[in-house]
Amino acid sequence: MQTPTATATGFARYWQYRDLVRNLVAKDLKVRYQGAALGFLWSLGNPLALILLYDFVFTHVFRSDLPNYILYLVIGVLHYNLFSQAISQSCESLTGAAGLLQKIYFPRILVPTANLIFTLALWVVAILILIVLYPFLGGVYHWGLLLYPLALALYIAFIWGLVLTLSVLNVEFRDLKHLVEIAVMFLFWLTPIGYDLNTLGTNSRMIVDFNPLTEFMQIFHSLLYQGTLPSLSSVAIASAWTAAALLLGTFLFRRKARGLVEEL
Amino acid sequence: MPPAVLVEHVRKEFILRHNRAMGLKTRFLALFHKSKRERREHFLALDDVNLRVERGEALGLLGHNGSGKSTLLQIIAGILEPTRGRVTTHGRIAPLIQLGVGFHPELSGYENIFLNASLYGFRNRDTQKRVKGIIEFSELQHFIDTPLKNYSSGMQMRLGFSVAVHLQPDILLADEILAVGDQPFQEKCHERIAELRAQGMTLILVSHSTQQVQRFCDKFVRLEYGRLVETGDVKKNSPDATELSINEEG
């Protein structure tokens with residue numbers, strides 16, 4: 001029988017707790033959909049409503065010349081949603097788990113990680129919308145699509161780095177989440193989700209180019225919308241951002257995790 | 001054979017923050033308002049504490065409120081980091097600082113067993129093997145599929161205790177939690193602890209009751225203001241209850 005030992009080190013120490021992550025995610029899912037007859041289907045409602053709203057705004061209020069515009073929009077909105085939901089939740093992941101952290105030792109990094117996995121689990125349902133609608137919205141099947149999981153993994157790693165960073169910082173600065181909420185709102189418009197990057201003027205283009213999410217959106221749009229391979233420069237910049245986010249997140253976590261309990 | 005728990009020169013300082021700045025806003029305001037500034041004070045909770053607990057031994061940690069005994073327990077459990085010194089442990093530790101850590105009111109008792117056990121590092125399939133024994137011991141068979149929010153506090157504690165003692169820890173760290181449920185259930189808990197001890201489990205029991213320490217422990221240490229002031233053998237030093245309780249008064 002496998003029983004946990006105190007001697008396990010490094011990755012093995014986290015791996016031994018994998019069922020804890022699973023149980024935490026299952027708990028959140030159960031609590032969230034308690035008594036809701038439609039259960040999981042509810043997580044389809046929000047992105048669907050958003051897509052309809054943006055479609056209305058961008059086709060009737062602001063005109064766009066992009067062909068298959070809805071597909072372009074759906075790809076952007078869904079991927080941005082993953083970012084915004086994960087980031088908004090991350091702030092309170094450690095502070096919300098204070099009761100656990102003060103009573104028992106387990107690798108602290110698992111708390112924000114379980115939160116991210118929970119967000120991902122809900123998001124997978126939303127991405128089903130895209131998969132079902134893909135051929136009808138004008139999406140093309142090409143070999144490049146096989147690279148999509150890799151692009152998504154890169155994106156998730158980037159988000160994970162930020163989630164770790166924010167969860168630690170929020171312990172020290174409790175009002176961080178208000179700032180983050182505002183930032184998430186602004187970033188939506190600074191990311192090429194509803195518009196094409198090439199239609200921007202030089203000044204606004206500079207700001208938008210500096211947004212790390214822009215590169216990820218470019219990658220998703222080339223793979224899923226244009227049916228081409230993403231440009232090398234996008235991949236390189238996105239990878240650099242991911243590495244930076246991961247370094248910052250794990251560095252902060254390693255430095256702060258031990259003293260965290262006293263600050264909660 | 002190395003000792004189960006070795007505490008060497010452990011010192012723990014807490015920073016007491018009066019008027020703690022919890023957010024960016026307060027920090028910004030503090031630049032202009034003196035009254036909003038944070039004042040810090042160091043508080044010495046443990047000072048050069050040394051302990052050695054052999055395998056299979058039971059140690060009672062005595063002391064008044066605020067003497068540092070719970071802090072010491074949290075350091076041994078790995079929840080807090082010592083400011084100086086170090087703690088070495090051998091074997092799997094089950095800290096029972098609170099019963100039913102991580103219990104969620106919306107989940108059923110059954111689901112909570114798995115969640116609670118996984119916090120102690122247990123795989124679900126290993127919990128599965130023990131779940132029958134856990135439910136039986138807690139005497140909650142009829143309620144196990146009911147959400148925990150419908151449990152009385154006594155029932156919740158029974159379930160929490162039952163999980164903890166069925167995980168077969170090598171070292172059990174208990175913070176005044178041996179008074180669970182009604183009299184018959186308490187007896188059962190005490191029997192179970194004795195049974196685990198007979199199997200070689202190490203026990204560290206925090207208490208301010210000398211009776212409890214006498215009942216469960218071979219040795220005791222007494223903390224006062226973060227220092228170890230007395231170490232002794234329960235049997236040698238106090239053949240009967242009175243002698244130890246005289247010590248307590250002093």
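Note that the coordinates shown come from a computational prediction; the quantities given were computed from them, not determined experimentally.

What counts, and at which threshold
Residues numbered from 1 in each chain as written. Chains lettered and ligands numbered in written order. Predicted model: local features only at pLDDT ≥ 70, side-chain atom pairs only at ≥ 80, totals over all residues. Heavy atoms only, no water. Helix = DSSP H or I, 4+ residues; strand = E, 2+ residues; numbered from the N terminus. Rg over C-alpha atoms; globule rule 2.2 N^0.38 Å. Buried < 20%, exposed > 50% of the residue type's maximum accessible area, 1.4 Å probe, protein only. Contact = heavy atoms within 4.5 Å. Areas by Shrake-Rupley, 256 points an atom, 1.4 Å probe, with all protein chains shown as cover. Lys, Arg positive; Asp, Glu negative; His and termini not counted. Charge placed at Lys NZ, Arg CZ, Asp CG, Glu CD. Phe/Tyr/Trp six-rings, centres within 6.5 Å; stacked < 30°, edge-to-face > 60°. pLDDT = per-residue confidence, 0-100. Pairing = 2+ DSSP bridges. Axes fitted to C-alpha atoms, helices over the stretch in contact; angles between N-to-C directions. Core = buried A, V, L, I, M, F, W, Y, C linked by side-chain atoms within 4.5 Å. Buried area = accessible area lost by both parts, 1.4 Å probe. Salt bridge = Lys/Arg side-chain N within 4 Å of Asp/Glu carboxyl O. Polar contact = N/O pair within 3.5 Å; in protein donor to acceptor, adjacent residues only side chain to side chain.

**With respect to the overall build of chain A**
Okay, step 1: When you go through chain A residue by residue, the secondary structure sums to twelve helices and zero strands.
Okay, step 2: Since a compact globule built from 264 residues should have a radius of gyration of about 18 Å, the 20 Å found for chain A is in line with a globular shape.
Okay, step 3: Its C-alpha atoms give chain A principal-axis dimensions of about 60 × 45 × 35 Å.
Okay, step 4: A burial count over chain A gives 48% of its 264 residues as buried.
Okay, step 5: Taking the contacts inside chain A whose residues are at least 6 apart along the sequence as the reference set, 77% of them involve residues at least 24 apart.
Okay, step 6: Of the roughly 13000 Å² of accessible surface on chain A, 69% is carried by carbon and sulfur atoms.
Okay, step 7: A distance of 12 Å separates the average location of the 16 positive side-chain charges in chain A from that of its 13 negative side-chain charges.

**Points about the packing of aromatic side chains**
Residue and element names in this part refer to chain A.
Okay, step 1: With the rule as written, the count across this model stands at 13 aromatic pairs over all chains.
Okay, step 2: An angle of 80 degrees between the planes, with centres 5.3 Å apart, marks the rings of Y80 and F188 as edge-to-face. Of this pair, Y80 sits in helix 4 (residues 69-96) while F188 sits in helix 8 (residues 176-189), placing them 108 residues apart in sequence.
Okay, step 3: Under the relative-accessibility criterion, Y80 is labelled buried at 3%.
Okay, step 4: When its relative accessible area of 9% is taken as the criterion, F188 is described as buried.
Okay, step 5: For the ring pair Y155 and F220, a centre distance of 5.2 Å and an interplane angle of 80 degrees mean the geometry is edge-to-face. With Y155 in helix 7 (residues 148-172) and F220 in helix 10 (residues 212-226), this residue pair connects regions lying 65 residues apart in the sequence.
Okay, step 6: Take Y155: its relative accessible area is 0%, and that puts it in the buried class.
Okay, step 7: Counting every residue linked through ring pairs, the aromatic cluster contains Y148, Y155, F158, F216 and F220.

**Side note on the confidence of the model for chain A**
Okay, step 1: Residues of chain A with pLDDT of at least 70 account for 94%, and the chain-wide mean is 87.
Okay, step 2: The secondary-structure element of chain A with the lowest mean pLDDT is helix 3 (residues 42-61) of chain A, recorded at 76, while helix 7 of chain A shows the highest, at 95.

**Here's the deal with the sheet that holds strand 9 (residues 227-233) of chain B**
Residue and element names in this part refer to chain B.
Okay, step 1: The six strands lie next to each other as 5-6-7-3-8-9, forming an open sheet whose pairing is mixed. Whereas interior strands pair on both sides, the edge strands pair on one side only; in this sheet they are strand 5 (93-96) and strand 9. Averaged over all adjacent pairs, the angle separating strand axes in this sheet is 15 degrees, with direction ignored.
Okay, step 2: Bridge analysis of strand 8 (residues 219-224) against strand 9 gives six bridges, and the strand direction is antiparallel. Bridge pairing in strand 9 places F220 opposite G232.

**Points about the nonpolar core**
Okay, step 1: Grouped together as the largest cluster of nonpolar side chains are 70 residues, with contacts concentrated most on L94(A), F106(A), I113(B), L159(B) and F161(B).
Okay, step 2: It is helix 5 (residues 153-165) of chain B that provides the largest number of residues to this core, a total of six residues.
Okay, step 3: When sequence neighbours within four positions are dropped, the list of residues in contact with F106(A) reads Y17(A), L20(A), L100(A), L101(A), V111(A) and L119(B).
Okay, step 4: Core analysis: the second largest hydrophobic core is formed by 51 residues, L152(A), V180(A), F188(A) and A245(A) among them.

**Here's the deal with the interface of chain A and chain B**
It is common to give the size of an interface as the accessible area that goes away when the parts come together.
Okay, step 1: The interface is formed by 36 residues belonging to chain A together with 41 residues belonging to chain B.
Okay, step 2: Summing both sides of the interface, chain A and chain B together bury roughly 3400 Å²; the carbon and sulfur share of this comes to 55%.
Okay, step 3: For the pair chain A and chain B, the number of links is three salt bridges.
Okay, step 4: Measuring nitrogen to oxygen at the nearest pair gives 3.1 Å for the salt bridge that ties E111(B) to K30(A).
Okay, step 5: Where chain A touches chain B, the interface holds eight residue pairs in polar contact (both at pLDDT 80 or more).
Okay, step 6: Elements supplying a minimum of two residues to the side of chain A that touches chain B: helix 2 (18-32), helix 5 (98-101), helix 7, helix 8 and helix 12 (260-263) of chain A.
Okay, step 7: Element by element, the count of residues in the side of chain A that touches chain B is highest for helix 2 of chain A, at nine residues.

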